[in-house]
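Residue-level listing of the chains:
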Amino acid sequence: MTDQLSPAERFAAAKRRKGHPLLEAFRIAQKFDLDEYQLAACEVVEDGKSVLVAAPTGAGKTIIAEFAIFRAMQQTSDKVFYTAPMKALSNQKFQELQAEYGESQVGLLTGDTNINSHARIVVMTTEVLRNMLYANSDLLRDLAVVVMDEVHFLADRFRGAVWEEVIIHLPSHVTMVSLSATVSNAEEFGDWLQAVRGDTEVIVSEERPVPLDQHILMRGKLIDLFDSSGLAATHRVNPELVQMARYGGRTLGTRQMKDVGRYHSRGGRPQEQRIERPDVVKLLDSKNLLPAIFFIFSRVGCDQAVTKVLRSGIRLTTPTERDEIRAIVEERCRTLLDEDLAVLGYWDWLTGLERGIAAHHAGMLPAFKEVVEELFQKKLVKVVFATETLALGINMPARTVVLEKLEKFNGEARVPITPGEYTQLTGRAGRRGIDVEGHSVIQWIDGLDPQAVASLASRRTYPLNSSFKPTYNMAVNLIEQFGRERTREILESSFAQFQADRAVVDLAHKVRSQQHSLDGYEKSMTCHLGDFAEYSKIRRELTDLERKGISTTATRADRDKRQRHLVDLRRRLKQHACHACPERESHSRWAERYWRLKRDVDQLTAQIRTRTGAVAKIFDRVTDVLLQLGYLLPGERGELTLNANGRMLRRIYGERDLLVAESLRRGFWDELDPASLAAMATTLIYEPRREEGQLGDRYLPRGRFREALDATGTLWSELDDIEREHRLPGSQPLSTGLALAMYRWASGTSLDAVLKEADMAAGDFVRWTKQTIDLLDQLSVVADGEVGRTARTALDAIRRGIVAYSSVA
């Protein structure tokens, strides 16, 4: 490698190594040499500055985070927090860092899990760090570095605001290492980080470390998407593919072309038969393109695909691999109860694994998903049918990625996947150090446009847009720490306002340029006889009134009033000095342009008014609600202070923070037993799928629960009305779909019966139960007296079986 460098390049490399000794020591210990962008980012970190790194999936961004940790661990007491958007990611990174630095040095905090929280390296979800910042936790002492993995989650409309809260409130001395997918406005995001955090460098790389070959699977053949000839322009669609797409997957000679022409003239249309999944697997295996991930945007579709491939008799593993798979599975699942194994579909799942085939989706038990990930990484599982959640950061690269469709259901309708999503999905293709190139395979369906696919594959438009908005919990925490006015200033520093302000700058620039045009039009319509702007305004008003006509339901008085107005306008028009101008019509044409442009300028000016201080305006509405409900107290000089209720609200996190606080304040849950309180907590966090409705009373727990539910539901309605009065968006009603199942689970009912009651996959039940645990944990801390004790008992009652087993995931 060094021999291939010129003398000047060798000198530059030596100078770089001398200036960054820690990086040089770290680089030598790696299995692969670092890419140029990785070296540049690590140099920024060694220089003690913050860095934003935007690079494609699979490009090795995490090496920069690993170097930041390595650097911090050279000090005596520096601490590092590694934040990730999902618990699965946190768990994976926790295990990797434990293997590198030892169990005593690494901790994990994920809301429902607390392992070695005082360690020097702590992996956590972003929400945990936000809560620590608001509580001014002792764990923040000696914090030197925060890694924000998958920071593009800031755009997530449900959780994205948390990223901004953390970035804004982290102590200024803390170095931030932000890792993002390739976003089209990385520089804008970097400018904001520079504004709020200080010295921050932006490093952007568009290069994949492993090149991607992209194919269309048509009639059992893999056709290159792009022209591979030496004369082809970059991203030019393969001409053979275009012809085959036109004629149903066939390459045609001259004679056949004439036959197809006659066939089309009779209204016929060539049809392409879709190749079955087992045949796709066999094809990829025969071309040495396994391991592969098939992205299917449906959980049911993933499970059905596994079943179909297994029924075909495909076996992708050797006897030795099967023994290793069984040993790993038995070790990872040894604590699962025998009675639960059949309910979880354990034996069918194991059969698939032993043959090298598995599904991966959110409906699976977290432990099962982790086993699939481990076996895939060890090259024991060769084919995984997965939903798109697999593309979100988990380290599971494949040689090939297969996309069966280029559209997915977004909760409301089937929509095309975006270029950003395509890039994220295909980013899994190509294993660094193993594959010379990665492969993406798109299955042909009738009507697929190769040009559209090529456009999808070659664009990198994935803008990062803020989803930040003030919440009740955020408001009371910031007011307690900084007061109202300082809080407004802090919120003005959010990325949301930064982007709004940039838009305002663009709008203001447009207004200024259009104002020049307005001045020109006004000059051109100048009349020597009088004020032509005034004349044209009368003329415009008259024309609009004449065109509008009059409603058939208008009264006699309305008709008379309109007629008098028309007569008055006509009289004023004829009496105006400009009416006699010989160039009146020429002036009028300029006037028409003037008024049209002025209307546009007025609209832009209105937009500027609404965007300026937009975040602070929402904060003011939030504080007005809190004042009305008695969580904040006004002072003589306009300052705000928290009372006991406000201080309670400070420690309640979640979308229903105010509803929870107000329910506790009014004592609605005081009489609930542990199982009923668990069920009540579930109604606050559960979000049913679109097709699921509310359950009738006969499907709800009896007794005190129903009284408490009615009172809480009425309270939600009251709060929703208050929010809308203050021009806030309000929230969704309580969701009772999981209440009875959670009640029974807390009462000790078997897993089989509870899953049937809930009509829910085990993975979904575990996820919602963990969120219920998180809320009950908050209640056990903030609620006074009996409710707090009941919450602790309820928490212990539902943290059992597969939920307890999955406590780290």
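Residues numbered from 1 in each chain as written. Predicted model: local features only at pLDDT ≥ 70, side-chain atom pairs only at ≥ 80, totals over all residues. Heavy atoms only, no water.

Participant: I tried to follow the packing of helix α25 (residues 614-629) against helix α27 (residues 657-666) on my own but got confused; where do I start?
Facilitator: Two packed helices can be described by the angle between their axes and the distance between those axes. Put simply, α25 and α27 touch, their axes get as near as 13 Å, and they point 5° apart. The angle between the axes of α25 and α27 places the two elements in the roughly parallel class. Judged by residue contacts, Val625, Leu626 and Leu629 of α25 engage Leu658, Glu662 and Arg665 from α27. Of the residues in the contact of α25 with α27, the class split is four nonpolar, no polar and two charged. (Axes fitted to C-alpha atoms, helices over the stretch in contact; angles between N-to-C directions. Helix = DSSP H or I, 4+ residues; strand = E, 2+ residues; numbered from the N terminus. Parallel < 35°, antiparallel > 145°, perpendicular 65-115°, else oblique. Contact = heavy atoms within 4.5 Å. Nonpolar A, V, L, I, M, F, W, Y, C, P; charged D, E, K, R; others polar.)

Participant: Sorry if this is basic, but what is going on with the sheet that holds strand β10 (residues 221-224) here?
Facilitator: Two strands in a sheet stick together by hydrogen bonds in their backbones, pointing the same way (parallel) or opposite ways (antiparallel). Taken in spatial order, the seven strands of this open sheet run β10-β9-β17-β14-β11-β13-β12, and their pairing is mixed. Unpaired on one side and paired on the other, β10 and β12 (357-360) mark the two borders of the sheet. Neighbour-to-neighbour, the strand axes of the sheet open up by a mean angle of 25°, direction not taken into account. Both β12 and strand β13 (residues 383-386) contribute to a ladder of four bridges, which runs parallel. (Pairing = 2+ DSSP bridges.)

Participant: What am I meant to see in the environment of Asn114 here?
Facilitator: Position of Asn114 among the secondary structure elements: in strand β4 (residues 114-115). For Asn114, a relative accessible area of 56% puts it in the exposed group. Spatially, the C-alpha atoms of Asn114 and Met124 are 9.5 Å apart, while their sequence positions differ by ten residues. Beyond its immediate sequence surroundings of up to four residues, Asn114 is in contact with Leu108 and Leu109. (Buried < 20%, exposed > 50% of the residue type's maximum accessible area, 1.4 Å probe, protein only.)

Participant: I would appreciate a short explanation of the side chain of Thr200 in the present structure.
Facilitator: Residue position: Thr200 is located in strand β8 (residues 200-204). Setting aside chain neighbours within four positions, we find Thr200 in contact with Ser50, Val51, Leu52, Leu193 and Gln194.

Participant: Is there a simple way to explain the pairing of strand β9 (residues 212-218) in this structure?
Facilitator: Here is the key point about a regular strand: its side chains alternate between the two faces of the sheet. Of all seven residues in β9, six are buried, a share of seventy percent or more. Here β9 pairs with strand β17 (residues 438-443) via six bridges, running parallel. Opposite Leu217, over in β17, you have Gln443 as the bridge partner. Both β9 and β10 contribute to a ladder of four bridges, which runs antiparallel. Its bridge partner lying in β10, Leu217 is registered against Leu222. Hairpin connection of β9 to β10: two residues between the antiparallel strands, including Arg219 at a positive phi of 50°.

Participant: Sorry if this is basic, but what is going on with the environment of Pro634 here?
Facilitator: Among the structural elements, Pro634 can be located in strand β18 (residues 632-634). Apart from the residues within four sequence positions on either side, Pro634 is in contact with Leu627, Glu639 and Leu640.

Participant: I'm lost on the pattern of salt bridges in this one. Help?
Facilitator: Two side chains bearing opposite charge may form a pair once their charged atoms approach each other closely. Counted according to the given criterion, the structure contains 40 salt bridges. Between Glu585 and Arg584 there is a salt bridge, and its shortest N-O distance comes to 3.3 Å. Of the charged contacts in the structure, one is a salt bridge between Asp602 and Lys598, with a shortest N-O distance of 3.4 Å. Placement of both Asp602 and Lys598 in helix α24 (residues 584-611) is noted, with a separation of four residues, approximately one turn of the helix. The exposure class of Asp602 is partly exposed, given its relative accessible area of 41%. The class for Lys598 is partly exposed, based on a relative accessible area of 26%. Via salt bridges that share partners, Arg484, Arg488, Asp620 and Asp624 belong to a single interconnected network. (Salt bridge = Lys/Arg side-chain N within 4 Å of Asp/Glu carboxyl O.)

Participant: What should I look at first to understand the confidence of the model for the protein chain in this one?
Facilitator: In low-pLDDT segments, the atomic positions of the prediction should not be examined closely. Averaged over all residues, the pLDDT of the protein chain is 85; the fraction at 70 or higher stands at 88%. A low-confidence stretch, residues 251-272 stays under pLDDT 50, and its non-local contacts, those more than four residues away or across chains, total 31 contacts. (pLDDT = per-residue confidence, 0-100.)

Participant: What am I meant to see in unusual backbone geometry here?
Facilitator: The bulk of non-glycine residues show a negative phi, and the bulk of peptide bonds are trans. Geometrically, the link from Leu290 to Pro291 is a cis peptide bond, its omega value of 5° lying close to zero. Among the structural elements, Pro291 can be located in the loop between α11 (277-286) and β11 (292-295). Even without a glycine there, the phi angle at Asp759 is positive, about 50°. Position of Asp759 relative to the elements: it lies in the loop between α31 (751-758) and α32 (762-782).

Participant: What's the story with the packing of α32 against helix α33 (residues 785-798) in this structure? I'm lost.
Facilitator: Packing of α32 against α33 brings their axes to within 8 Å, and their N-to-C directions diverge by 155°. Between α32 and α33, the angle is such that the two are roughly antiparallel. The hand of the α32/α33 crossing is left-handed. From α32, Thr769, Thr772, Ile773, Leu776, Asp777, Leu779 and Ser780 reach across to α33, where they touch Gly788, Ala791, Arg792, Ala794, Leu795 and Ile798. Classifying every residue of the contact of α32 with α33 by side-chain character gives seven nonpolar, four polar and two charged. (Left-handed = near helix turned anticlockwise from the far one by under 90°.)

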